[in-house]
Amino acid sequence: MFLNMLSVSRLPFDFSSIRARDFRAIWGKLPVYSFGVLIALDLLFVLLHVFVVANEKRLFYLDFPISTEVRDFLSLTRDQSLSEYWEYSKSVVTAALYLMVYAVSRHLVFAVFSMLFLFIALDNGFSIHENAFAFIGGPVAGDLLSFIVIGGVFALALYASWPRRNILAKHGAKGALSTAAILAAFAVIVDALSGIVGKVVPKTYALFGLVEDGGELVALSLALSYALALFLICRTRDPQYFRSRAKGE
């Protein structure tokens, strides 16, 4: 489904007849290359974090004099770090791309995805889900309740705006939902496991933090690249086709 969505080459979007060269023609240029660059930068941030931790614990003969401010700025798990600003940027760009997809296609579901990724950027900056229900049963229970409430709001919005007839919009929305689900798996499930397992085995906090934040970086790179591919697909089709099909959905 994911490959079929990205490889539409002609109307009326018969996904069963897509060929490999059609896939390469649309997805194989800018989105794939951008995904490779984004992943390379994500890996750089992970390596910087590993270097900082190893240097702090004097592993692998590392013992460079690094100030606390520089260490925190290069860390993957610290607030207001370089990698966190990188996450903000990717979330905002993804939101902007989905907003442009909505502007071309007139399918409201993509405006909802735009708001979702904009909320993710705001949540990372202002710790909304950590603080909203922190007074209920501790941070783990508060995070889970925040996910249920906030996730429920977006789930209802997606259900109400989900396209029922247009094939492109339906497959595009499924792909966007998949990338958001991957991001949620790291941001919510791994985060919850970190809180639960960390209480029993405190030494696992660092490992879970690396998996959570590193996974979020990769998931956002995938979401951004997918949104870019979807936007390019919309731009290569006749906008009037999308707008006529969007009526009544």
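Bear in mind the structure is a predicted one, so any value in this text is a computation, not a measurement.

**A few points about the environment of Gly 209**
(1) Moving on: As for its position among the elements, Gly 209 is in helix 10 (residues 204-236).
(2) Moving on: Each C-alpha atom of the pair Gly 209 and Val 190 lies 8.5 Å from the other, and the pair is 19 residues apart in sequence.

**Remarks on the side chain of Ser 91**
(1) Moving on: With respect to the element layout, Ser 91 can be found in helix 5 (residues 82-105).
(2) Moving on: Ignoring sequence-local partners within four residues, the contact set of Ser 91 consists of Phe 117, Ile 120, Ala 121, Asn 124 and Leu 220.

**Some words on the environment of Ser 34**
(1) Moving on: Along the chain, Ser 34 turns up in helix 3 (residues 30-56).
(2) Moving on: A residue is classified by how much of its surface remains accessible, and Ser 34, at 16% relative accessible area, is buried.
(3) Moving on: Along the sequence, Ser 34 and Leu 224 sit 190 residues apart, while their C-alpha atoms lie 9.0 Å from each other.
(4) Moving on: Filtering out sequence-adjacent residues up to four positions away, Ser 34 remains in contact with Ser 225 and Leu 228.
(5) Moving on: A polar contact is formed between the side chain of Ser 34 and the backbone oxygen of Pro 31, at a distance of 2.7 Å.

**Notes on the packing of aromatic side chains**
(1) Moving on: Throughout the structure, instances matching the rule amount to 5 aromatic pairs.
(2) Moving on: For the ring pair Tyr 98 and Phe 117, a centre distance of 5.8 Å and an interplane angle of 25° mean the geometry is stacked. Of this pair, Tyr 98 sits in helix 5 while Phe 117 is found in helix 6 (residues 108-126), placing the two residues 19 residues apart along the sequence. Of the two residues, Tyr 98 and Phe 117, both sit in the buried class.

**Description of the confidence of the model for the chain**
(1) Moving on: Summarising the model, the chain shows a mean pLDDT of 78, and 73% of its residues fall at 70 or more.
(2) Moving on: Mean pLDDT values over the elements of the chain span from 40, in helix 1 (residues 2-6), up to 93, in helix 5.
(3) Moving on: The low-confidence segment residues 1-26 (pLDDT under 50) makes 53 contacts with residues lying over four places distant or belonging to another chain.
(4) Moving on: Here residues 238-242 scores under 50 on pLDDT; set against residues more than four positions off or in separate chains, the count is 11 contacts.

Analysis parameters
- Residues numbered from 1 in each chain as written.
- Predicted model: local features only at pLDDT ≥ 70, side-chain atom pairs only at ≥ 80, totals over all residues.
- Heavy atoms only, no water.
- Helix = DSSP H or I, 4+ residues; strand = E, 2+ residues; numbered from the N terminus.
- Contact = heavy atoms within 4.5 Å.
- Buried < 20%, exposed > 50% of the residue type's maximum accessible area, 1.4 Å probe, protein only.
- Polar contact = N/O pair within 3.5 Å; in protein donor to acceptor, adjacent residues only side chain to side chain.
- Phe/Tyr/Trp six-rings, centres within 6.5 Å; stacked < 30°, edge-to-face > 60°.
- pLDDT = per-residue confidence, 0-100.

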